[in-house]
Each structure stands twice: as structure tokens, then as C-alpha cells.
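Coordinate inspection notes
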Amino acid sequence: TRYISVTGVQTCALPISLLIQLGAAIERADNTARLIDVKYHLLLPEGEQVGGVVDRDQWNTILQTVSAVNAYRWLYNDGLQPANVIDLLISRFELPRSLAACVEEVVALLNALAKRTGLQGEADRMARARMARMQKTKTHDVIVSGLHEYLAAFVRENSMLNAAIARQFRFI
């Protein structure tokens, strides 16, 4: 394992691979949230019906973009349904690019970093609280109460978590 020494961290070196994986998980969650939001909120051309041919093609393209076509087919038997795509991309831990899987991975990586370095703090608390909320999240409730608002809040929280990680590991 390769390590880096960070200015201000006196007694430990940080494992590069864990930090890279942590950054990738944060970024993957951000990208997935933004992708769902853009599709749901902006992409359907004016005059096109929700659930119409163009809408279904766009949701299929989203699945292809995140390499989730097969996962979708394995998990859902009732054909392509936008609510199921949203469920897959938000709540299903089985899909590595889902928000739930990314949130779980961030917690696991922060735990591994804490174990190796002894550094634990605000970022760990934020990540665990977010995972606890995510485990209780029901996609139907998210859609009904406002998918755009949910995703915008997720992106904001992801950014705050990223900043907390930078402070915790003294990158800033």
C-alpha cells in the first residue's frame, strides 16, 4: 500500500488508494444525482408525454449511461418504468452507481481510514447520518414529495460532506 504524508498530520500517513476510492465514491454519487435530476427535470422536450416513446428512450439511455441495463432487468420484471429507474438509481444498494451504494461505500471507506489513521470526526458523523436516512428512504415518497428538491439537497449535502472530509484529513 502506498501512503502520502499530509502537512499538519503529525503521526500518520494516509493510504492513497483509500483516499482515491473515497473521492470516487463522492463524485459518483454527485454525478448520479445530477444525471437523474437533469433527466427528470429538464430533458423531456415540450409537447412530449411523460411515459411516451421519447421519455422511455431517455430513461433507457440513462440506464445505459450508468451501465445498469442488466441490473434493471434482473431487479424489475414489469418493463421500463421511470419510477423503477429512479428507485434503482437512488435506493438499490445492489447497483454500485446508486446513491445508496455510494453512500454506503463512503461510510465504509471513512471507517477504513479511521482504523488506519485514527482520524475520525465530522465527516464520519455526517456520512453515517446520511446512510441512516438513506436506508429509510422510500423512492415513492421521494417522487411524491419532490424528486428535484431531494436530489438538490443530496448534492448540497454531498458537497458539505466533501468539505468535511477535506477538513478532517487536513487537505485545506
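Fair warning: this is a prediction, and the values are worked out from it, not measured in the lab.

With that out of the way, let us pick up the pattern of salt bridges. Two side chains that carry opposite charge are able to pair once their charged atoms sit near each other. One pass over the full model with this rule turns up six salt bridges. Linking R92 and E94 is a salt bridge whose minimum nitrogen-to-oxygen distance equals 2.9 Å. The salt bridge partner of R167 is E122, with a shortest N-O separation of 3.0 Å. Here R167, found in helix α7 (residues 139–168), pairs with E122, found in helix α6 (residues 122–136); they are 45 residues apart in sequence, far enough to count as distant. On the basis of relative accessible area, E122 is assigned to the partly exposed category, the value being 36%.

With that settled, the discussion passes to helix α4 (residues 82–91). Of all 10 residues in α4, eight are buried; the element is thus mostly enclosed. Those residues of α4 that fall on the buried side of the exposure criterion are N84, V85, I86, D87, L88, L89, I90 and S91.

This part covers the confidence of the model for the protein. Across the protein, the average pLDDT comes to 88, with 87% of residues at or above 70. Counted against residues more than four places away or in other chains, residues 1–5, with its pLDDT under 50, gives 14 contacts. The model gives residues 7–11 a pLDDT under 50, and that stretch makes four contacts with residues more than four places away or in other chains.

Here we come to helix α2 (residues 53–65). With 13 residues, α2 extends 18 Å from end C-alpha to end C-alpha; this agrees with the ideal 18 Å at 1.5 Å per step. Residues of α2 that are buried: D55, Q58, W59, I62 and L63. One face of α2 carries all of its buried residues, which in axial projection span an arc of 145 degrees.

Let us look at the packing of α6 against α7. With their axes 8 Å apart at the nearest point, α6 and α7 run at an angle of 155 degrees to one another. Between α6 and α7, the angle is such that the two are roughly antiparallel. Here α6 and α7 pass one another in a crossing that is left-handed. For the pair formed by α6 and α7, the contact residues are E122, A123, D124, M126, A127, R130, R133 and M134 on the first element and Y150, F154, E157, N158, M160, L161, A164, I165, R167 and Q168 on the second. Residue classes in the contact of α6 with α7 are distributed as 10 nonpolar, two polar and six charged.

About the thresholds
- Residues numbered from 1 in each chain as written.
- Predicted model: local features only at pLDDT ≥ 70, side-chain atom pairs only at ≥ 80, totals over all residues.
- Heavy atoms only, no water.
- Salt bridge = Lys/Arg side-chain N within 4 Å of Asp/Glu carboxyl O.
- Helix = DSSP H or I, 4+ residues; strand = E, 2+ residues; numbered from the N terminus.
- Buried < 20%, exposed > 50% of the residue type's maximum accessible area, 1.4 Å probe, protein only.
- pLDDT = per-residue confidence, 0-100.
- Contact = heavy atoms within 4.5 Å.
- Expected span 1.5 Å × (residues − 1).
- Arc of directions from axis to C-beta.
- Axes fitted to C-alpha atoms, helices over the stretch in contact; angles between N-to-C directions.
- Parallel < 35°, antiparallel > 145°, perpendicular 65-115°, else oblique.
- Left-handed = near helix turned anticlockwise from the far one by under 90°.
- Nonpolar A, V, L, I, M, F, W, Y, C, P; charged D, E, K, R; others polar.

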